[in-house]
Amino acid sequence: QVHLVESGGGSVQAGGSLRLSCAASGRTSSIWHMGWFRQAPGKEREFVAAINRFGTGTYYSDSVKGRFIISNDNTKAVYLQMNSLNPEDTAVYLCAVDHNYSLTYNDLDAYDDWGQGTQVTVSS
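As a starting point, this report considers the structure included with it. (Residues numbered from 1 in each chain as written. Predicted model: local features only at pLDDT ≥ 70, side-chain atom pairs only at ≥ 80, totals over all residues. Heavy atoms only, no water.)

What about the overall build of the protein chain?
In step 1: Each helix and strand counted, the protein chain has zero helices and eleven strands in total.
In step 2: Starting at the N terminus and ending at the C terminus, the protein chain contains elements arranged as β-β-β-β-β-β-β-β-β-β-β.
In step 3: For 124 residues, the compact-globule estimate of 2.2 N^0.38 gives 14 Å, and the C-alpha radius of gyration of the protein chain, at 13 Å, lies within 12% of that figure.
In step 4: Each principal axis of the C-alpha atoms in the protein chain carries an extent, and together these give about 40 × 25 × 25 Å.
In step 5: Of all 124 residues assigned to the protein chain, the portion counted as buried reaches 47%.
In step 6: For the protein chain, the accessible area works out to roughly 6,200 Å², and carbon and sulfur atoms hold 45% of it.
In step 7: With 9 positive and 12 negative side-chain charges, the protein chain shows a separation of 6 Å between the mean positions of the two kinds. (Helix = DSSP H or I, 4+ residues; strand = E, 2+ residues; numbered from the N terminus. Rg over C-alpha atoms; globule rule 2.2 N^0.38 Å. Buried < 20%, exposed > 50% of the residue type's maximum accessible area, 1.4 Å probe, protein only. Areas by Shrake-Rupley, 256 points an atom, 1.4 Å probe, with all protein chains shown as cover. Lys, Arg positive; Asp, Glu negative; His and termini not counted. Charge placed at Lys NZ, Arg CZ, Asp CG, Glu CD.)

Structure representation (structure tokens):
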């Protein structure tokens, strides 16, 4: 099992930026993919971005493509640089990892371990 701790959330005005971090500990050597999801009040959890353990493959939802950048430090940490934020980005952001070579990266059920989340609030 992998323990994940997110940080970097906060409040920002529209157009601003935030950088989220997620530190991984435990069985990190078996991680194949690391991802970010978000969940707004009253809404389902949705995929944001994912990256493979080598950092050679990145995937984004259409809603954040061109604004957010995912990166990683091997399997020790994953980051999410969020630019041009808008109020629709307000949510709890959670990181997740999986231990399988093959992954449907936007399927939350495919991920094995989850963090507790960090709140991001964007005001207009």
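What about the packing of aromatic side chains?
For any pair of aromatic rings, geometry is given as the distance between the ring centres together with the angle between the planes.
In step 1: For the coordinates displayed, the defined rule picks out eight aromatic pairs.
In step 2: Each ring, one from Trp32 and one from Tyr101, has its centre 5.1 Å from the other, and the planes form 85 degrees; the classification is edge-to-face. One end of the pair, Trp32, is in the loop between β3 (18–26) and β4 (33–39); the other, Tyr101, is in the loop between β9 (91–98) and β10 (113–114), and 69 residues separate them in sequence.
In step 3: On the basis of relative accessible area, Trp32 is assigned to the partly exposed category, the value being 25%.
In step 4: Since its relative accessible area comes to 66%, Tyr101 is described here as exposed.
In step 5: An aromatic cluster is built from Phe37, Phe47, Tyr59, Tyr105, Tyr111 and Trp114, whose rings are joined through pairwise contacts.
In step 6: The residue whose ring lies beneath Arg19 is Tyr79, and the NZ or CZ to ring-centre distance is 4.3 Å.
In step 7: Sitting over the face of the ring of Trp114, Arg45 holds its NZ or CZ atom 4.8 Å from the ring centroid. (Phe/Tyr/Trp six-rings, centres within 6.5 Å; stacked < 30°, edge-to-face > 60°. Lys NZ or Arg CZ within 6 Å of the ring centre and 35° of its normal.)

Points about the state of the cysteines
In step 1: In total, this model carries one disulfide according to the counting rule given.
In step 2: The disulfide partner of Cys22 is Cys95, and the gap between their sulfur atoms is 1.9 Å. The disulfide joining Cys22 to Cys95 has a torsion of about 45 degrees about its S-S bond and is therefore right-handed. One end of the pair, Cys22, is in strand β3; the other, Cys95, is in strand β9, and 73 residues separate them in sequence. Cys95 matches Cys22 in its accessibility class, with the two residues each being buried. (Disulfide = S-S within 2.5 Å.)

A short note on the pattern of salt bridges
In step 1: Throughout the structure, instances matching the rule amount to four salt bridges.
In step 2: As a salt-bridge pair, Arg38 and Glu46 come within 2.6 Å of each other at their nearest N and O atoms.
In step 3: When its relative accessible area of 35% is taken as the criterion, Glu46 is described as partly exposed.
In step 4: Of the charged contacts in the structure, one is a salt bridge between Asp62 and Lys65, with a shortest N-O distance of 3.5 Å. Accessibility assignment for this pair places Asp62 and Lys65 in one class, exposed.
In step 5: Where salt bridges share partners, they join Arg38, Glu46, Arg67 and Asp89 into one cluster. (Salt bridge = Lys/Arg side-chain N within 4 Å of Asp/Glu carboxyl O.)

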